[in-house]
Amino acid sequence: MVTILGIKRLLEAKRNGFFSNISRRILVLGCPQPEALKILKLNDVLVCHPEKSVIQKAQELNFQTLVDFERCNKIGVLRSIRTTIVWVTKSRRETLFNIALAFLITKKTGKIILTGEKKDGIEYAMKKLSAMIEPVSVISKSHGKIGLFQRPRYLPKALRSWKKKGELQKNASGFFSAPGTFSETSIDKGSRLLVSHYSGKLHGNVIDLGAGWGYLSSEAIKNSPSIRLLTLIDSNLSALNSARLNVASSKTRFFWLDLKTDVLTLKNLDHVIMNPPFHIGRKVDFGLGLTFLGTAKKILRKGGILWMVFNRELPYEKSIVSLFPNYDLLNETKNYKVIRAKKT
Ligand SMILES: C[S@@+](CC[C@H](N)C(=O)[O-])C[C@H]1O[C@@H](n2cnc3c(N)ncnc32)[C@H](O)[C@@H]1O
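Quick caveat: nothing in here was measured; it's all calculated off a predicted structure. (Residues numbered from 1 in each chain as written. Predicted model: local features only at pLDDT ≥ 70, side-chain atom pairs only at ≥ 80, totals over all residues. Heavy atoms only, no water.)

A.B. asks: Any details on the packing of helix α5 (residues 92-105) against helix α6 (residues 122-130)? Residues and values, ideally.
C.D. replies: The geometry of α5 relative to α6 is characterised by a closest axis approach of 11 Å and an angle of 40° between their N-to-C directions. Comparing the axis directions of α5 and α6 gives the class oblique. Where α5 crosses over α6, the handedness of that crossing is right-handed. Mapping the contact onto sequence places R92, T95, L96, I99 and F103 in α5 and Y124, A125, K128 and L129 in α6. Split into classes, the residues belonging to the contact of α5 with α6 amount to six nonpolar, one polar and two charged. (Axes fitted to C-alpha atoms, helices over the stretch in contact; angles between N-to-C directions. Helix = DSSP H or I, 4+ residues; strand = E, 2+ residues; numbered from the N terminus. Parallel < 35°, antiparallel > 145°, perpendicular 65-115°, else oblique. Left-handed = near helix turned anticlockwise from the far one by under 90°. Contact = heavy atoms within 4.5 Å. Nonpolar A, V, L, I, M, F, W, Y, C, P; charged D, E, K, R; others polar.)

A.B. asks: Pulling in residues and values, what's your account of unusual backbone geometry?
C.D. replies: Negative phi characterises most residues that are not glycine, and trans characterises most peptide bonds. The phi dihedral of K41 falls on the positive side, at around 50°, and the residue is not glycine. Mapped onto the fold, K41 is located in the loop between α2 (35-38) and β2 (45-48). A positive phi angle, near 65°, is found at N62, a position not held by glycine. Within the secondary structure layout, N62 lies in the loop between α3 (52-60) and β3 (64-66).

A.B. asks: Describe in detail the site of the ligand, supporting the description with residues and values.
C.D. replies: Taken together, 18 residues surround the ligand, and among them S191, G210, D234, D258 and L259 come closest. One of the backbone nitrogen or oxygen atoms of S235 is found 3.3 Å away from a nitrogen atom of the ligand. (Near = heavy atom within 4 Å. Polar contact = N/O pair within 3.5 Å; in protein donor to acceptor, adjacent residues only side chain to side chain.)

A.B. asks: An account of the environment of I320 is needed here, citing residue identities and associated values.
C.D. replies: Position of I320 among the secondary structure elements: in helix α12 (residues 317-323). For the pair formed by I320 and L66, sequence separation is 254 residues and the distance between their alpha carbons is 37 Å. Once residues lying within four places of it in the same chain are set aside, the contact partners of I320 are L293, M308, F310, P325, Y327 and I339.

Next comes the structure, spelled out in structure tokens:
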């Protein structure tokens, strides 16, 4: 989330010349709200982000966009980058990856600007980077920092290992995951609980809403041989790319969609499986879960089944009752509730 404080910090950096003499394309990594870039009045901005809503917003603002780095390296869209701005994200792995990309992509002697808030880990990132490359200037402002670095002619070796860390890698549970995605280091406890309830019971046309790196689907395909087609949907392309590796089966298909804005035209599904998101960035967003519930209702056939786990603190049950009056609470733990709901 880019807050007012984040914007104040950018403006302070602008007053201090961080953004002066920028003539060529500017690459922006990790920025969750491209609106913040408008206040800098920069031309020729290329926003790179795995989240579909960020890309859609950037396009509305007439910025150029990029989602998949591996592919774009080949088409040379990044050849002319002389300045890169990196926002720290709450995933250290993602932040170090983005910093490494910034230094690898930005032309020699170009500018790299690193910004972010204390609560997102700017101090850690600034310290790690400054230990390798002396900053030109660092400003501490509005509960965060912004630093200006010059891309050296020769890059420290550590940057290559930071880049490697960010590539799709097996996590502690043995699945591929991407930096910055949900439960990147291991299987989520709620998801594990949900799987134990639908295991062996799915058949026909199944969909995984908010599939992430594909844990729910990988178990579904392993333990329910009667599945005919399994569709995985997520708004984060990096998560979906990991899922492609984790759920390798000829029965699967993958869609990069944002359920808030994209219209899902599928219908007559036999089963929906989901562990819906409940925040956008750091902000709890109960509405997002409701969008998922509404989508599940819309795409299921009559008699189709929704399998869902959610954090028991979240007041979903009222909406579940009104959308799916025919539902069972299958399990209730200290942290989670698991439901099975039939579309009537
Ligand atoms: C709680 S995670 C569950 C991930 C995975 N199903 C699991 O159980 O490990 C929710 C997922 O929903 C995705 N998501 C968040 N907002 C979304 C949206 N608007 N449209 C589609 N997917 C979204 C997130 O990227 C995340 O992967």
